[in-house]
Structure formats: structure tokens, C-alpha cells
Amino acid sequence: MRNLNCPQCDIHRFVVKNEKGETILVTVTEAYEITTVHATDSLDGFDLTVIYCLGCSWKGSPKSLRSHTHKKKY
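Everything quoted here is computed from the prediction, not taken from an experiment.

**Structural notes on the overall build of the protein chain**
Here comes step 1: Across its full length, the protein chain carries zero helices and five strands.
Here comes step 2: Counting from the amino terminus, the protein chain carries its helices and strands in the arrangement β-β-β-β-β.
Here comes step 3: Residues counted as buried form 28% of the 74 residues belonging to the protein chain.
Here comes step 4: Taking the contacts inside the protein chain whose residues are at least 6 apart along the sequence as the reference set, 53% of them involve residues at least 24 apart.
Here comes step 5: Carbon and sulfur atoms make up 49% of the accessible area of the protein chain, which totals about 5,100 Å².

**Here we look at the packing of aromatic side chains**
Here comes step 1: Going through the model one piece at a time under the given rule, you end up with one aromatic pair.
Here comes step 2: Each ring, one from Phe14 and one from Trp58, has its centre 6.3 Å from the other, and the planes form 65°; the classification is edge-to-face. On the criterion of sequence distance, the pair formed by Phe14 in strand 1 (residues 14–18) and Trp58 in the loop between strand 4 (46–53) and strand 5 (59–60) is long-range, its members being 44 residues apart. Of the two residues examined, Phe14 and Trp58, each falls in the buried class.
Here comes step 3: Above the ring of Tyr52, the side-chain terminus of Lys17 is found at 4.5 Å from the ring centroid.

**Details of the sheet that holds strand 2 (residues 23–28)**
Here comes step 1: On the basis of which strands lie adjacent, the open sheet formed by five strands has the order 3-2-1-4-5 and antiparallel pairing. The sheet is open, and its two edges are formed by strand 3 (34–36) and strand 5, each paired on a single side.
Here comes step 2: Of the pairings in the sheet, the one linking strand 1 to strand 2 comprises four bridges and is antiparallel in character. Of the residues in strand 2, the one forming a bridge with Val15 is Leu25.

**Quick word on the pairing of strand 1**
Here comes step 1: Burial analysis of strand 1 places four of its five residues in the buried class, which makes it a mostly covered element.
Here comes step 2: A loop of four residues connects strand 1 with strand 2, the two strands running antiparallel in sequence, and Gly21 in this loop sits at a positive phi of about 90°.
Here comes step 3: As judged from the four bridges shared by strand 1 and strand 4, these two strands associate in the antiparallel manner. Along strand 4, the bridge assignment pairs Val15 with Tyr52.

**Section: the state of the cysteines**
Here comes step 1: One pass over the structure, following the stated rule, counts zero disulfides.
Here comes step 2: You can see Cys6 has no disulfide; the closest cysteine sulfur is in Cys53, sitting 3.7 Å from it.
Here comes step 3: Its relative accessible area of 0% is what places Cys6 among the buried residues.
Here comes step 4: This cysteine, Cys9, is not joined by any disulfide, and Cys53 carries the nearest cysteine sulfur, 3.5 Å off.

What counts and what doesn't
Residues numbered from 1 in each chain as written. Predicted model: local features only at pLDDT ≥ 70, side-chain atom pairs only at ≥ 80, totals over all residues. Heavy atoms only, no water. Helix = DSSP H or I, 4+ residues; strand = E, 2+ residues; numbered from the N terminus. Buried < 20%, exposed > 50% of the residue type's maximum accessible area, 1.4 Å probe, protein only. Contact = heavy atoms within 4.5 Å. Areas by Shrake-Rupley, 256 points an atom, 1.4 Å probe, with all protein chains shown as cover. Phe/Tyr/Trp six-rings, centres within 6.5 Å; stacked < 30°, edge-to-face > 60°. Lys NZ or Arg CZ within 6 Å of the ring centre and 35° of its normal. Pairing = 2+ DSSP bridges. Disulfide = S-S within 2.5 Å.

Shown next as C-alpha cells:
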């Protein structure tokens, strides 16, 4: 299954935060499921309604992401 990309910079890695401001590295699947990059991490206590892009200043909901598309170069 493919991951969704940032609408601004087109990368697929994000972080989510908890109440303490701690972050965890995640990706978002085409089914809008947030999954941790590292299998040993847990999403318990993290706010999954807002994700933060690792590549730029974008932040938003998982539903606002776009599918990975291959851009044709002419």
C-alpha cells in the first residue's frame, strides 16, 4: 500500500505530537491510517488529527493529503 504525500513538498514522512510536545515519526496510508515508521513506537496519547510535515512548514489533517503521483517530465 502506498503512502500519501505532503500537498506542499511531496514527501511522505510526518510527525504527530502529544500533550507534552513529544513527537513520533509517522506515515499515512491511502486509507488515511496513520502508522509509525518504527514498529516499536506506539501512538497512544498522540493527537492524530493534526500531522506535521518533516520537509516543510505544512501542517494539517491526514484527510488533506494527496496520493503519490508520478509527474511526467517533457
